Amino acid sequence: KSLNMEDGMKNIAKLMKSLAARDGVTPSDLSGVVIYKLSQYQPPTPVYYQKGIVIVGQGPKTLYLGDEKLDYDEDNYIVFTLPLPVKSEIFATKDKPHICLFIGIDMGDLSLLIDRMENHADQFLFERDTKQPGFFVSRMTNELKDAVHRLLKVLQSPLECEVMGEGLKKEILY
């Protein structure tokens, strides 16, 4: 059964919180996947993002790169196609912490996916809403929320993580 948009994000945030009991970066049992939690406001601070996908479970965030400002939250995710230094502003409180999932992009997996997609190039249109190369923000879809929800459930179990985790990462990348 597919998650509806609002309940889906509440369930995703709850699962993220269960994986990150304290502030900071919490690694998972799946390579390249971490949960980040912060329970207080963070003014614009320099950070360095690796290639990956950032999905917010709760609490908005603003990134600054040069003159460009990108806001993203539970309704949007961000993809970094290149490692980038940015400034990050996080809006969080102890009662409503910022919590997000980072999934690193493996270039081998990405190349294989692009090769497969090129065989069906007429079915895909790619749009970018940013002037900067190296990253973009896109709207969360029900399909992506379902895949993220399944990944977060799998991360609760070392066995399920080992058996299904890599496949779910590839599904989310797709």
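Below or above, wherever it landed, is the structure these notes cover. Numbers given to residues run from 1 along each chain, matching the order in which its sequence is written. This being a predicted model, a pLDDT of at least 70 is required before a residue's local features are given, and a value of 80 or more before pairs of side-chain atoms are given or counted; all residues contribute to the totals for chains, interfaces and linings. Hydrogens and water molecules were not included; the side-chain quantities draw on all heavy atoms of the structure.

### Thoughts on the overall build of the chain
Defined as follows: Labels follow the DSSP assignment, with helices taken as runs of H or I lasting at least four residues and strands as runs of E lasting at least two, numbered in each case from the N terminus. For every residue, the accessible area obtained with a 1.4 Å probe (protein chains only) is divided by the maximum for its type, and the residue is called buried under 20%, exposed over 50%, and partly exposed between those limits. Residue contacts are counted whenever heavy atoms from the two residues lie within 4.5 Å of one another. To measure how exposed things are, a 1.4 Å probe is used in the Shrake-Rupley method; for residues, cover is taken only from the protein chains shown.
Summing up its helical and strand segments, the chain has four helices and ten strands in all. The buried share of the chain, reckoned over its 174 residues, is 44%. Counting contacts in the chain only where the partners sit at least 6 residues apart, residues at least 24 apart contribute 75% of the total. Accessible surface, the chain as shown: approximately 10100 Å² in total, 53% of it carbon and sulfur.

### Considering the sheet that holds strand E3 (residues 42-49)
To be explicit about the condition: Pairing between strands requires that DSSP locate at least two bridges from one strand to the other. Fitted lines through C-alpha atoms give the axes, limited to the stretch in contact for helices. The angle between two N-to-C directions lies from 0 to 180 degrees.
Across the sheet, four strands lie side by side as E3-E8-E5-E6; this open sheet has antiparallel pairing. Both edges of this open sheet fall to E3 and strand E6 (68-72), since each of them pairs with a single strand only. The mean inter-strand angle of the sheet, taken between neighbouring strand axes irrespective of direction, is 25°. In this sheet, E6 lies alongside strand E5 (residues 61-65) in antiparallel orientation, the contact comprising five bridges. Within E6, the residue paired with leucine 63 across the bridge is leucine 70.

### Quick notes on helix H4 (residues 158-173)
Our working definition: Take the residue count of a helix, subtract one, and multiply by 1.5 Å to get its expected span. The quantity called bend is, for any residue, the angle between two axes fitted respectively to the seven residues ending at it and the seven beginning at it.
Taking 1.5 Å as the rise per residue, H4 with 16 residues should run 22 Å; its terminal C-alpha atoms sit 21 Å apart, in good agreement. Where H4 bends most, at methionine 164, the angle is about 55°. When H4 is considered as a whole, its buried residues turn out to be Cys161, Gly165, Leu168, Lys169, Ile172 and Leu173.

### Concerning the pattern of salt bridges
Note the cut-off: Put simply, a salt bridge is a Lys or Arg side-chain nitrogen that is within 4 Å of an Asp or Glu carboxyl oxygen.
Within this structure, the stated rule accounts for two salt bridges. Glutamate 171 is the partner of arginine 150 in a salt bridge, and the nearest nitrogen-oxygen pair spans 2.5 Å. Pair noted here: arginine 150 is in helix H3 (residues 142-154) and glutamate 171 is in helix H4, with a separation of 21 residues, a long-range link. In this structure, the salt-bridge partner of glutamate 166 is lysine 169, at a minimum N-O distance of 3.5 Å. Here glutamate 166 and its partner lysine 169 are both found in helix H4, three residues apart, which amounts to about one turn of the helix.

### Details of the packing of aromatic side chains
Selection rule: Pairing of aromatic rings covers Phe, Tyr and Trp, the last through its six-membered ring, and needs centres within 6.5 Å; plane angles under 30 degrees mean stacked, over 60 mean edge-to-face, and all others mean tilted.
One pass over the full model with this rule turns up three aromatic pairs. An angle of 50° between the planes, with centres 5.7 Å apart, marks the rings of tyrosine 41 and phenylalanine 91 as tilted. Residue tyrosine 41 is located in the loop between strand E2 (33-38) and E3, and its partner phenylalanine 91 is located in the loop between strand E8 (84-90) and strand E9 (98-104); the two are separated by 50 residues in the primary sequence. Ring geometry for tyrosine 49 against phenylalanine 80: centres 4.3 Å apart, planes inclined by 10°, an arrangement best described as stacked.

### Focus on H3
Helix length check: H3 (13 residues) gives 18 Å between terminal C-alpha atoms against 18 Å at 1.5 Å per residue, within 8%. Those residues of H3 that fall on the buried side of the exposure criterion are Leu144, Lys145, Asp146, Ala147, Val148, His149, Leu151, Leu152 and Val154.

### Describing the pairing of E2
The pairing of strand E1 (residues 24-27) with E2 spans four bridges and is antiparallel. Residue pairing across strands places proline 27 opposite valine 34, the latter belonging to E2. Here E1 hands over to E2 after five residues, with glycine 32 in that stretch at a positive phi of 85°.

Any link to function would need more than the numbers given here.
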